Amino acid sequence: MSLKAVLFNFNGVIIKDESIHQQLIDEILLAENLRPNPQEYWKVCLGKSDRACLQEILARRGRVVTEAELTKLMEKKAQAYVKQIDALPEIPIYPEIPEFLAKIQGLGLKIGLVSGAMKAEIELVCDRAQIKQYFNVIVAGDEIHQSKPDPYCYLFAVERFNRQEPTLQLKPANCLAIEDTPAGITAAKSAGMQVVGVANTYPFHMLQRQANWTVDYLSELELERVQKIYSGNPTSVTTSEC
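To start, this report covers the structure provided alongside it. (Residues numbered from 1 in each chain as written. Predicted model: local features only at pLDDT ≥ 70, side-chain atom pairs only at ≥ 80, totals over all residues. Heavy atoms only, no water.)

## As for the pattern of salt bridges
Consideration 1: This model, assessed by the stated rule, comprises 14 salt bridges.
Consideration 2: Linking E165 and K110 is a salt bridge whose minimum nitrogen-to-oxygen distance equals 2.9 Å. In this pair, E165 sits in the loop between α7 (152-164) and β4 (175-179) while K110 sits in strand β2 (residues 110-114), placing the two residues 55 residues apart along the sequence.
Consideration 3: Between K148 and E179 there is a salt bridge, with its nearest N and O atoms 2.7 Å apart. A residue pair is termed long-range when its members are at least 10 positions apart, and K148 in the loop between β3 (137-139) and α7 and E179 in strand β4 qualify at 31 residues.
Consideration 4: One salt-bridge network, in which partners are shared between bridges, spans E40, K48, E56, R60 and R61. (Salt bridge = Lys/Arg side-chain N within 4 Å of Asp/Glu carboxyl O. Helix = DSSP H or I, 4+ residues; strand = E, 2+ residues; numbered from the N terminus.)

This is how it looks when you write it as structure tokens:
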């Protein structure tokens, strides 16, 4: 089974922006006359979509919202995020990302982005960072209702690849996911994919227990060696480091 596509998470893999998201969630809570909890965001929201994050945080405070109200809050947060990113002199993407994307493309592999972030946020960052041209498929949080750790987002990405290019005949087993959270790793593995955990958000040892490969930085990942494992020609590489 050959490697055909590499699928990236967005927040925490492409861009270092969790502090911005936490601030915006806190602002939404304050506007709703609810008190933020400094530790809650990291426990409830990391690796999940804005929809799932807001829904759970509000439910913890006894606030039940309709789908229309939830969508309105998500749009409000997305607008505030775009405003903040627009004001930054430089987009805080991880420095190895442009070179790493170019390397994947040079190996003839397809590239996808599978995220719970809103599409407007993803497109703004990718445009400003000049990396949008690398992504053949983008699946955003406002396109699907199921949040990681549910595997649907990854399965939907495979379906979108195949609609776009039927001759590709992509299967989950042909895909390598790159994730930074336990929720994301669970989603990709449940979809039938192998996963690289990159220790941008959680410690190396936590991701190492769940991912097929774990690295501190994406620049450390030896894609050619991973390709050999997919093709059934494994080298002396462990399933926890690469």
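## A short note on the side chain of E96
Consideration 1: Within the fold, E96 resides in the loop between α4 (67-87) and α5 (97-106).
Consideration 2: Of the side chains bearing the opposite charge, K16 lies closest to the buried E96, which forms no salt bridge; the N-O distance is 10 Å.
Consideration 3: Of note is the side chain of E96, whose polar atom sits 3.5 Å from the backbone nitrogen of L218.
Consideration 4: What E96 contacts, discounting residues up to four positions off in sequence, is Y217, L218 and S219. (Buried < 20%, exposed > 50% of the residue type's maximum accessible area, 1.4 Å probe, protein only. Lys, Arg positive; Asp, Glu negative; His and termini not counted. Polar contact = N/O pair within 3.5 Å; in protein donor to acceptor, adjacent residues only side chain to side chain. Contact = heavy atoms within 4.5 Å.)

## Quick look at the nonpolar core
Consideration 1: Of all hydrophobic cores here, the largest spans 43 residues; its most connected members are F8, F10, I131, F135, L176 and I178.
Consideration 2: Listed in part, the 42 residues of the second largest apolar core include V114, F161, L170 and A211. (Core = buried A, V, L, I, M, F, W, Y, C linked by side-chain atoms within 4.5 Å.)

## A few points about the packing of helix α1 (residues 18-31) against α4
Consideration 1: Where α1 contacts α4, the two axes come as close as 10 Å, and the packing angle between them is 135 degrees. By the criterion of interaxial angle, the relationship of α1 to α4 is oblique. For the crossing formed where α1 meets α4, the hand is right-handed. Residues I20, H21, Q23, L24, I25, I28 and A31 of α1 touch α4, and the partners they reach there are L73, K76, K77, A80, Y81, Q84 and I85.
Consideration 2: Its residues placed into classes, the contact of α1 with α4 shows 9 nonpolar, 3 polar and 2 charged. (Axes fitted to C-alpha atoms, helices over the stretch in contact; angles between N-to-C directions. Parallel < 35°, antiparallel > 145°, perpendicular 65-115°, else oblique. Left-handed = near helix turned anticlockwise from the far one by under 90°. Nonpolar A, V, L, I, M, F, W, Y, C, P; charged D, E, K, R; others polar.)

## Observations concerning the pairing of β4
Consideration 1: The buried count for β4 comes to 5 of 5 residues, which makes it a mostly enclosed element.
Consideration 2: Along β4, one buried face is formed by C175, A177 and E179 and the opposite face, lined by L176 and I178, is buried too.
Consideration 3: As paired strands, strand β1 (residues 5-8) and β4 are joined by 4 bridges and run parallel to one another. Bridge pairing in β4 links F8 to I178.
Consideration 4: Examined bridge by bridge, β4 and strand β5 (residues 194-198) share 4 bridges and lie parallel to one another. Within the sheet, the bridge partner assigned to E179 lies in β5 and is G197. (Pairing = 2+ DSSP bridges.)

## A few points about the side chain of D17
Consideration 1: Within the secondary structure, D17 is located in the loop between β1 and α1.
Consideration 2: Buried within the structure, D17 lacks any salt-bridge partner; K77 is the closest side chain of opposite charge, at an N-O distance of 7.6 Å.
Consideration 3: Engagement of the side chain of D17 in a polar contact is seen with the side chain of H21, the distance being 3.1 Å.
Consideration 4: Excluding residues within four positions of it along the chain, D17 makes contact with N11, G12 and Y81.

Honestly, that's just the spatial picture; any functional story needs more than this.
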